[in-house]
Amino acid sequence: DDELAFIPGEQDGTYTHVRDLARRSYEPDAEPVLEVWFFGGSTLFGIGQRDEHTIPSEIARLAEADGIPIRVRNFGFPSYESWQEVGLLRRALD
């Protein structure tokens with residue numbers, strides 16, 4: 001990629017699913033009242049973790065337990081640096 005060096009490709013594995021630059025995350029039962037985007041590197045992406053147990057997914061669960069259903073979007077990607085995260089944010093906003 002000319003701007004970001006490389007971008008997240010679509011992935012459809014047993015425990016990891018990536019579409020439209022974001023990893024699948026936990027969805028609350030109730031209609032979300034807010035959408036929260038997360039950007040980061042390997043830890044946020046959740047290498048070795050199932051989709052519904054990444055940091056953003058766990059935050060969605062905690063918010064739901066507090067009565068605030070949120071939709072999270074996990075834009076974390078392994079090896080990304082802050083300048084790449086900003087570029088990914090710009091693309092997501094487009």
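Okay, so let's go over this structure. Every chain is numbered independently, its residues counted from 1 as its sequence is written. In keeping with the predicted nature of the model, local features appear solely for residues at pLDDT of at least 70, side-chain atom pairs appear and are counted solely at 80 or more, and the whole-chain, interface and lining totals rest on all residues. Heavy atoms from the whole structure form the basis of all side-chain values; hydrogens and water molecules are not counted.

On to helix H3 (residues 82-93), then. Spanning 12 residues, H3 covers 17 Å between terminal C-alpha atoms, matching the ideal 16 Å at 1.5 Å per step. Categorising residues by exposure relies on relative accessible area from a 1.4 Å probe, with only protein chains included: less than 20% of the type maximum marks a residue as buried, more than 50% marks it as exposed, and the intermediate range marks it as partly exposed. Starting at the N terminus, helices and strands are each numbered in turn, a helix being any DSSP run of H or I of at least four residues and a strand any DSSP run of E of at least two. Burial in H3 covers these residues: Gln84, Glu85, Gly87 and Leu88. Down the axis of H3, the smallest arc covering the buried residues is 160 degrees, so these residues share one side. Along H3, the residues that are exposed and aim more than 90 degrees away from the buried face are Ser82, Val86 and Leu93. Residue count minus one, scaled by 1.5 Å, sets the expected span of a helix. Think of it as the arc spanned by the lines of direction from the helix axis to the C-beta atoms.

Glancing now at unusual backbone geometry. Of note, Leu21 is a non-glycine position whose phi angle comes to about 70 degrees, a positive value. In this structure, Ser79 takes a positive phi of about 75 degrees despite not being glycine. Tracing the backbone through its elements, the reader meets Ser79 in the loop between strand E5 (70-74) and H3.

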